[in-house]
Every structure is written in C-alpha cells, then in structure tokens.
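Structural overview
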Amino acid sequence: MSDGTSSAAPLDRLRVLDCATLFAGPLAATMLGDFGAEVIKVEHPHKPDPSRGHGPSKDGIGLWWKLLGRNKRTIALDLSRAEGRDVLLRLVAGADVVVENFRPGTLERWGLGWDELSAANPRLVLARVTGFGQFGPYAHRPGFGTLAEAMSGFAALTGEPDGPPTLPPFGLADSIAALSTAYAVMTALAGRERTGRGQVVDMAIIEPMLTVLGPHPVWYDQLGYVQPRTGNRSANNAPRNTYRTADGRWVAVSTSAQSVAERVLRLVGHPEFLAEPWFSTGAGRAAHAAELDEAVGGWIARHDREEVLRAFEEAQAAVAPVYDIRDVLADEQYRALGSITEVEDEELGTVAMQNVLFRLSETPGGIRWAGRGHGADTDEVLSGLGLTREQIDTLREAGVVR
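A brief report on the enclosed structure follows. Being a predicted model, the structure only gives us computed values, none of them experimental.

Attention shifts here to the overall build of the protein chain. Of regular secondary structure, the protein chain possesses 18 helices and 13 strands. Along the three orthogonal principal directions, the C-alpha set of the protein chain runs to about 85 × 50 × 40 Å. In the protein chain, 68% of the contacts between residues at least 6 apart in sequence involve partners at least 24 apart. Total accessible area computed for the protein chain in this model is approximately 20,100 Å², and 53% of it derives from carbon and sulfur atoms. Counting 40 positive and 52 negative side-chain charges, the protein chain places the averaged centre of each group 3 Å from the other.

Our next topic: the sheet that holds strand β9 (residues 241–244). Taking strand neighbours across the sheet as the criterion, the 3 strands line up as β9-β10-β11 in an open arrangement whose pairing is antiparallel. Both edges of this open sheet fall to β9 and β11 (319–321), since each of them pairs with a single strand only. Each adjacent strand pair in this sheet contributes to an overall mean axis angle of 30 degrees, direction not counted. One ladder, built from 4 bridges, connects β9 with strand β10 (residues 250–253); its direction is antiparallel. Paired with Thr 242 across the two strands is Ala 252, which belongs to β10. Contacting β9 and β10, helix α13 (residues 289–300) runs over the sheet at an angle of about 35 degrees to β9.

Attention shifts here to the layout of surface pockets. In this structure, the largest pocket spans a volume of roughly 1,700 Å³. Forming the boundary of the largest pocket are 50 residues, of which Leu 27, Leu 67, Arg 70, Gln 354 and Asn 355 lie nearest the centre. Examining the composition of the lining of the largest pocket, we find that 6 residues originate from one element, helix α8 (residues 172–195), more than from any other. In terms of residue class, the lining of the largest pocket is made up of 33 nonpolar, 12 polar and 5 charged.

Counted according to the given criterion, the structure contains 1 cavity of 30 Å³ or more. Its boundaries defined by the atoms lining it, the largest cavity holds a volume of some 40 Å³. For the largest cavity, the full set of lining residues is Cys 19, Leu 79, Leu 88, Val 98, Glu 100, Leu 107, Leu 112 and Leu 117. Partitioned by chemical class, the residues of the lining of the largest cavity number 7 nonpolar, no polar and 1 charged.

The subject of this paragraph is a nonpolar patch on the surface. Together, Leu 179, Leu 357, Phe 358 and Leu 360 make up a nonpolar patch on the protein surface, roughly 350 Å² of accessible area in all. In this fold, Leu 360 is placed in the loop between β13 (349–354) and α17 (378–384).

In this section: the sheet that holds strand β2 (residues 38–43). What the 6 strands build is an open sheet, ordered β5-β2-β1-β6-β7-β8; its pairing is parallel. The open sheet has two edge strands, β5 (72–76) and β8 (200–204), and neither has a second partner. Strand-to-strand, the axes of this sheet are offset by a mean angle of 20 degrees, without reference to chain direction. Where strand β7 (residues 125–130) lies against β8, 5 bridges are found, and the strand directions are parallel. In the sheet register, Val 129 faces β8, and the bridge partner there is Met 203. Where helix α1 (residues 24–34) meets the sheet, its contacts fall on β1 (15–18), β2, β5, β6 (97–100) and β7, and the angle it forms with β1 comes to roughly 160 degrees.

This part takes up the side chain of Arg 305. Looking at the element boundaries, Arg 305 is found in helix α14 (residues 305–314). Within the buried set, Arg 305 has no salt-bridge partner at all; the shortest N-O distance to an opposite charge, 4.1 Å, is to Glu 306.

This paragraph deals with the packing of aromatic side chains. Going through the model one piece at a time under the given rule, you end up with 8 aromatic pairs. The interplanar angle of 75 degrees and the centroid separation of 5.0 Å between the aromatic rings of Phe 102 and Trp 110 together place this pair among those described as edge-to-face. On the basis of relative accessible area, Phe 102 is assigned to the partly exposed category, the value being 21%. Ring geometry for Phe 132 and Tyr 138: centres 5.8 Å apart, planes at 80 degrees, overall edge-to-face. Among the aromatic residues, those joined into a cluster by ring pairs are Phe 273, Trp 278 and Phe 279. The ring of Phe 279 carries Arg 285 above its face, with NZ or CZ at 5.6 Å from the centroid. In this structure, Arg 368 is placed above the aromatic ring of Trp 369, and the distance from its NZ or CZ to the ring centre is 5.4 Å.

A few words on the side chain of Thr 245. For Thr 245, the location among the structural elements is in the loop between β9 and β10. Thr 245 has contacts with Trp 250, Val 251, Ile 300, Ala 301, His 303, Asp 304, Arg 305 and Val 308, leaving out every residue within four places of it along the chain.

Right, let's get into the nonpolar core. Membership of the largest hydrophobic core comes to 43 residues, with the highest contact counts inside it found for Val 16, Leu 32, Ala 37, Val 97, Val 99 and Ile 205. The set of elements that each furnish at least two residues to this core consists of α1, β6, β7, α7 (154–157), α8, β8 and β13. The greatest single-element share of this core, amounting to 10 residues, is contributed by α8. Setting aside residues no more than four positions away along its own chain, Ile 205 makes contact with Ala 24, Val 129, Thr 130, Gly 131, Gly 145, Ala 148, Ala 173, Asp 174 and Ala 177. Among the nonpolar cores identified, the runner-up in size contains 27 residues, and Val 92, Val 98, Leu 126 and Val 381 belong to it.

Now for the pairing of β9. Covered by surrounding structure in β9 are Asn 241 and Tyr 243 only, the residues Thr 242 and Arg 244 on the alternate face being uncovered. Connecting β9 to the next strand, β10, in antiparallel fashion are 5 residues, including Gly 248 with a positive phi near 80 degrees.

Position of Val 98 relative to the elements: it lies in strand β6. The sequence separation of Val 98 and Cys 19 amounts to 79 residues, and the corresponding C-alpha distance is 7.0 Å.

In the segment running from Ala 238 into Pro 239, the intervening peptide bond is cis, with an omega of -5 degrees. Looking at where Pro 239 falls in the secondary structure, it is placed in the loop between α10 (216–223) and β9. One non-glycine residue, Leu 22, lies in the positive phi region at around 55 degrees. With respect to the helices and strands, Leu 22 occurs in the loop between β1 and α1. Although it is not a glycine, Asp 59 sits at a positive phi angle of roughly 55 degrees. Inspection of the secondary structure puts Asp 59 in the loop between β3 (57–58) and β4 (61–62).

Conventions we followed
Residues numbered from 1 in each chain as written. Predicted model: local features only at pLDDT ≥ 70, side-chain atom pairs only at ≥ 80, totals over all residues. Heavy atoms only, no water. Helix = DSSP H or I, 4+ residues; strand = E, 2+ residues; numbered from the N terminus. Contact = heavy atoms within 4.5 Å. Areas by Shrake-Rupley, 256 points an atom, 1.4 Å probe, with all protein chains shown as cover. Lys, Arg positive; Asp, Glu negative; His and termini not counted. Charge placed at Lys NZ, Arg CZ, Asp CG, Glu CD. Pairing = 2+ DSSP bridges. Axes fitted to C-alpha atoms, helices over the stretch in contact; angles between N-to-C directions. 1 Å grid on protein atoms, 1.4 Å probe; cavity = no way out; pocket = protein on both sides within 12 Å on 5 of 7 lines; lining within 4 Å. Points joined across faces, edges and corners; volume = space filled by probe spheres on them. Nonpolar A, V, L, I, M, F, W, Y, C, P; charged D, E, K, R; others polar. Patch = residues over 30% accessible without salt bridge, like charges linked within 9 Å, V, L, I, M, F, W, Y side chains within 5 Å. Salt bridge = Lys/Arg side-chain N within 4 Å of Asp/Glu carboxyl O. Buried < 20%, exposed > 50% of the residue type's maximum accessible area, 1.4 Å probe, protein only. Phe/Tyr/Trp six-rings, centres within 6.5 Å; stacked < 30°, edge-to-face > 60°. Lys NZ or Arg CZ within 6 Å of the ring centre and 35° of its normal. Core = buried A, V, L, I, M, F, W, Y, C linked by side-chain atoms within 4.5 Å.

Note that all results are geometric; they support no functional claim without further evidence.
Written out as structure tokens, the structure is:
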C-alpha cells in the first residue's frame, strides 16, 4: 500500500481548489494532490461531479470516483448563490490554485471571474480547462474529450484503412489535457516565484491532443502530406503490428530503431531483407509493411506466446504481450514498480488503483485516501475558515452547502 505523507511531499502546503467536473480538470488536481498538495474538491450540493456515477459501481458506490477523488477533501457549495460566492472567495484568499471547467463567462456571471479572484488573492493561479479555450468562435460550445479526439486528427488516423475513423474507448484526450494542465499549473507557480503574482492558465482540450499527434502540421505545410489510416501499422517504420501466436494470444512488435528491425528479421529467419535498399530507413520499411508483416507474423504464428517473448528477449528485439487488466495486475514488472497499489477506504475496505504517476527519490508522492463522500468535509473546511456552527447550519438550511 502507498504510504506517502504530505510532510515528505514536494507540494506540501500548496492549496488547490478543484471546482471542475468530470475528468481533465479534476484529474489534474488529483495529480497535484498525489504529491502533497492539499486539494479541496468543490461540488454542487445537489449535482455532484458526474464522475461519481460514471462506469461500474459497487453497492451504489461509484468506483471511478475512488480514483479521481483520491487525496481530496470534499465540500458541497453552490457557487451560483451569493452566499456560496462569499465562501469561495474566503477559500481563494488562502489558496494557491483554482481549477475550473465551466463554460467561458460562467464564473464571471457569478461574480467569480479573474478580476474578483485575483483581487481576493493576487498570487492565485486560475487554471481554466475547457474544450475550446476562453476565446474564439467555438469558445462557448460544450466541449468534451471525444470532440478533441475527433477535431485533433486522432480519430481520422485511427482504425483500419477501409474502416471508419475510430475513437478510443476511454478518456484519452481528457487524460492528456490533465497532464498538460498539471504541467501548466506548475509552470505558472514557477513564474509566480519570479513575479510574485499569479496568472490564468487557459487550457483548451483540443490542443494537447493535437500536440501529441506529432509532426502532422509540418508534414502538411511542407509536403501537402495527409497521413491515412493504417490500422496497427505505422507510416514511419515496419514491421510494427500486433501478431497472433500459435496458442491464440497476441503480441506487439515495434522496430523504431534500425538495429531492432535487423534483429527481428534475423530472428524470424529472413535476413535477406536486410540487403534490400529500402530496408535501411523506417519510411522504406513502412512502404513494404505487407511483406515484413508476412515474414514476422508467419514466424510468430508457429510459436506459443511465451516462446515468442523468450526468443525476442534473447535477440534483444522489442516485443510485448497484449494485456487486458487481468494481465496487468499479474505482471512482474508492474509489481516491481508498484504501479498498482491498494488504498484503504472507509466504504469499500481496500481499493486497488494506479499508484502515483512517477517516482521521486527524495520527496515521493503517495495516496493518503481514496475518493470521499459528497460533501464529507464541508463542516471541517468551513469551520477552518472561521464559520461558526450556527453559520454553517444556516448555509445548509438554505441549500448553499451540503
């Protein structure tokens, strides 16, 4: 079980208000919390973060939330009400970061725009995570990761050549945007150390997804080249594919390095390919992917998966088994890294989930608790602001807090 403590973590004493919903913004806040930030999750009293109801549940308890809500204290506060606005501004005065993903103009309509927030705390970093950014013709459209996967070019590249554009069956764009937002927040905080002032992070989910696709704008600008769908094959090197083994399982092979491509073809008994002029470059091999797939796939099809993995490892060629989550949990490398950890939970006993994203040798992060109940920490957080029991009760009776 992960046992990192905030006192040993690099983001200790950093306070983050997570006012976002669903995935990109909240996941960015989770990543900050994993390394010691005090994260306060702000949810509507009657409309909690929808991630609490996404995916499978156990005994009515949403399991996705246990991951997304880890290391966060939860309060329920209606920001659209004047009383809720006042409470948030009091929280902002002692915070370092606010993460939000309302449509542009929403916070301003509630009197919680950048002018008001920065007046309450000039050192605040406000991370605004939306589908299309804070300005431009699409800014006010509802935006989700699926739309970014479509508009970035990802879906057009993904799938079989004669099939439709293909979307990932998980929150790929949101997750990439979350990583980018966490990086952007830390960059803004570093800037604050020089200037003494906070600033706004404008994160459009369509942009990180476009960035990770690589040099497509350069290729089109300079060559007019538009990469087609190629299935599992790469347009840049070959052999690169998934191949079925004799025992009906699957492996993936990659040959991005020339030396690895040479080892693979020697291993599968086709060294004659190495003498071909086109074999010396990734692009040349990609143009002959069908021939190379036949050679590699034919050899793999005659051997069980464990034989394939062992032979590739002995040849120092790049191969990996195609896993589902059962295989991931049983894999010795993931176990060695501690990639999956068990977290004690007051509702479920223990919960297995991904560990913190990376390891630091001197100031490691850690998971202190899994996602907590809706509004579980409202009283504690508000009393920490100096509100009396009577004031909190009044807010609760008025529906401003839960």
